[in-house]
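Inside the fold
Now for the letters of each chain:
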Amino acid sequence: MMPEISSKLFTKLLNLGDQWEAYDTQYVEEKNTIFIRIRETPELLKNQRCREDKRRKVKLYDHVEPRFWRHLNVFNCECLIECALPRFKCQHCEKVWRAKAPWEGKCKGLSEEFEAFALTLMKEMPVKSASRILNENDKRLWRVLKAYVQEAHKELDLSGVTQVGSDELSYRKGHKYLTVFADMQKKRVIFATKGKDKSTWETFSDELQELNGHPHAITYAAIDMSPAYQSGVRNNCRNARIVFDKFHVMKLVGERVDQVRKAESSYGTGEAKVQLKKTLWLWRKNPENLSESEQVRFDGIDHDYLWTSKAYQMRLALQKIYNTIPYQSWAERRLKSWCNWVNRVCDEAPYWIMKPMRKTVETIQNHWDGILAHWSSGGLTTAYLEGLNSVFSAVKRKARGFRNTDNLITMLYFVAGKLKV
Ligand SMILES: [Zn+2]
């Protein structure tokens, strides 16, 4: 038994009210742990009603085996609540139930306040770091996160979703993918699932309906140019106009410039090979984003004689069309000229070096309507999709060592889902 005063103090600190009381504490030195033992007071029985028929004629039935809940640390000691929860029985219908304790969290063996603190930490840092600070197994923290995030996700109301953007998130060094779906108006991630084939859109449609939405209510779908996503949209969202948004088009063209650089490094002149060494990142950036030293290196390149420089100029010219032209008909004219120009330059180039740019023209021509839809949809989608890609990196950082894809999806919802967690 502990002195009256500390019993009262813990009862108050734990916010137990008058139906529960702390009646004993024990400090176990070798575990640096404080045990707080709690039991019910007669008030609990007085306030019980049958779970079934709401009648008040209830008696105490028995107590279950003592259980433990990890609670917030007290004076840097780990703190465990110990309690044998009572069971009650209705004298009318004989139903038996176990009392619910006010400190119980959503996960077995954790108090609600401990879970709340763990969530606060996980908002700010990777799960691994939170696990170190709390001295708690990261598996357990993932369970906490999942319990809260899933509950909030189930509460989502997707009835107003009409514009969807999707993108792939690669993990495990690019060999595994999630397809991520975002509500482009509310600018939040609403769903993610394994893989990047057309079935991901079917899974998404099911989920939409589960959460009050409807795949036929989708009027715009912003996607990359993969055939799988296109048929996924067509098969599931029949009223959706497919938009190949600026972000995805520019990403593709950037990759093609990379391919030209690689090809010229292999098949180009000796001089070209020397000039292209270690320049990968220079071509990926826009000129205004080059650092001072990168600028010096970039200016040192003899651009007049490099095919890579021409491919790079093509990327910038396309980007300029996106950035400066507000109308679809005007954009269409400029896109046509761009395609013609690229083809003319490619005609004069060694086939294997500029082949990726020639392919780019074909890709753009084959996706003409969807690319022009960028202008008719008001170009809404691009900034968010671009931002989402940096969110993906943050999510992967925070989920480092995430054990399974469910956890990764949980973290994605937690960071980018705008959920009430
Ligand atoms: Zn009853």
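Higher on the page you've got the structure.
Presented here is a report on the structure given in the accompanying data block. (Residues numbered from 1 in each chain as written. Predicted model: local features only at pLDDT ≥ 70, side-chain atom pairs only at ≥ 80, totals over all residues. Heavy atoms only, no water.)

A word on the overall build of the protein chain
Check the secondary structure of the protein chain and you find 17 helices and 12 strands. Within the span of the protein chain, comprising 421 residues, buried residues form 49% of the whole. Of the roughly 22200 Å² that the protein chain leaves accessible, carbon and sulfur atoms contribute 49%. (Helix = DSSP H or I, 4+ residues; strand = E, 2+ residues; numbered from the N terminus. Buried < 20%, exposed > 50% of the residue type's maximum accessible area, 1.4 Å probe, protein only. Areas by Shrake-Rupley, 256 points an atom, 1.4 Å probe, with all protein chains shown as cover.)

Topic: the pairing of strand β1 (residues 20–28)
Here 8 bridges tie β1 to strand β2 (residues 33–40), and the two strands are oriented antiparallel to one another. Bridge assignment links Val28 to a residue of β2, and that residue is Thr33. Where β1 hands over to β2, the hairpin turn is made up of 4 residues, of which Asn32 adopts a positive phi near 45°. (Pairing = 2+ DSSP bridges.)

Re the side chain of Glu136
Relative to the assigned elements, Glu136 resides in the loop between α4 (127–134) and α5 (138–154). According to the relative accessible area criterion, Glu136 is buried, its value standing at 11%. In terms of polar contacts, Glu136 uses its side chain to reach the side chain of Arg70, at 3.0 Å. In this view, Glu136 contacts Arg70, Leu110, Phe114, Ser131 and Leu141; residues no more than four positions away in its chain are not counted. (Polar contact = N/O pair within 3.5 Å; in protein donor to acceptor, adjacent residues only side chain to side chain. Contact = heavy atoms within 4.5 Å.)

Section: the nonpolar core
Counting 106 residues, the largest nonpolar core has Met122, Val180, Trp201, Leu318, Trp338, Met354 and Met357 as the members making the most contacts within it. Take this core: its biggest share by element is 8 residues, from helix α12 (residues 307–324). Each of domain 2 (163–245 + 379–416) and domain 3 (246–376) gives at least three residues to this core. Membership of the second largest hydrophobic core comes to 24 residues, among which are Leu16, Cys50, Trp97 and Trp103. (Core = buried A, V, L, I, M, F, W, Y, C linked by side-chain atoms within 4.5 Å. Domains from an automatic or database assignment.)

A few points about the pattern of salt bridges
Scanning the entire structure with this criterion turns up 18 salt bridges. Across the salt bridge formed by Arg284 and Asp258, the nearest N and O atoms sit 2.6 Å from each other. In this pair, Arg284 is assigned in helix α10 (residues 280–284) and Asp258 in helix α8 (residues 246–267), connecting sequence segments 26 residues apart. Residue classification places Asp258 among the buried positions, given a relative accessible area of 13%. Linked through salt bridges whose partners overlap, the residues forming this network are Arg70, Glu78, Glu136 and Arg140. (Salt bridge = Lys/Arg side-chain N within 4 Å of Asp/Glu carboxyl O.)

With respect to unusual backbone geometry
Phi is mostly negative for residues that are not glycine, and the peptide bonds are mostly trans. Positive phi, close to 70°, is recorded for Asn212, a residue that is not glycine. Judged by relative accessible area, Asn212 falls into the exposed class, the value being 54%. For Lys278, which is not a glycine, the phi torsion comes out positive at approximately 55°. On the secondary structure map, Lys278 appears in the loop between α9 (270–276) and α10.

Regarding the environment of Arg188
By the element assignment, Arg188 lies in strand β10 (residues 188–194). With near-sequence residues (within four places) excluded, Arg188 lies in contact with Leu156, Asp157, Leu158, Phe181, Ala182, Asp183, Tyr384, Ala416, Gly417 and Lys418.

Considering α5
In a regular helix each residue adds 1.5 Å, so 17 residues correspond to 24 Å; α5 covers 24 Å between its end C-alpha atoms and thus fits that length. Among the residues of α5, Asp138, Leu141, Trp142, Val144, Leu145, Tyr148, Val149, Ala152 and His153 are the ones counted as buried. Burial along α5 is one-sided: seen end-on, the buried residues are contained in an arc of 155°. Those residues of α5 that are buried are in contact with α3 (112–124), α4, β10, α6 (199–210) and α17 (405–416). Of the residues flanking the start of α5, the one acting as N-cap is Asn137, its side-chain oxygen 2.8 Å from the backbone nitrogen of Lys139. (Expected span 1.5 Å × (residues − 1). Arc of directions from axis to C-beta.)

Points about a nonpolar patch on the surface
Taken together, Tyr267, Tyr351 and Trp352 make up a surface patch of nonpolar side chains, about 430 Å² in accessible area. In this fold, Tyr267 is placed in helix α8. (Patch = residues over 30% accessible without salt bridge, like charges linked within 9 Å, V, L, I, M, F, W, Y side chains within 5 Å.)

Description of the environment of Ser111
Along the polypeptide, Ser111 turns up in the loop between β7 (96–98) and α3. Separated by 30 residues in sequence, Ser111 and Ile81 have C-alpha atoms that sit 8.2 Å apart. Those residues in contact with Ser111 that lie beyond four places of it in its chain are Trp69, Arg70, His71, Trp103 and Gly105.

Points about the layout of surface pockets
For the largest pocket, the calculated volume is near 1000 Å³. Phe247, Met250, Lys251, Leu252 and Glu255 are, among the 27 residues lining the largest pocket, the residues nearest its centre. When contributions to the lining of the largest pocket are tallied by element, the ones reaching two or more residues are α7 (227–236), α8, α10, α12 and α16 (381–398). In terms of residue count, the dominant contributor to the lining of the largest pocket is α8 (10 residues). For the lining of the largest pocket, the class distribution of residues is 9 nonpolar, 7 polar and 11 charged. Here the lining of the largest pocket spans two domains, since at least three of its residues come from each of domain 2 (163–245 + 379–416) and domain 3 (246–376). (1 Å grid on protein atoms, 1.4 Å probe; cavity = no way out; pocket = protein on both sides within 12 Å on 5 of 7 lines; lining within 4 Å. Points joined across faces, edges and corners; volume = space filled by probe spheres on them. Nonpolar A, V, L, I, M, F, W, Y, C, P; charged D, E, K, R; others polar.)

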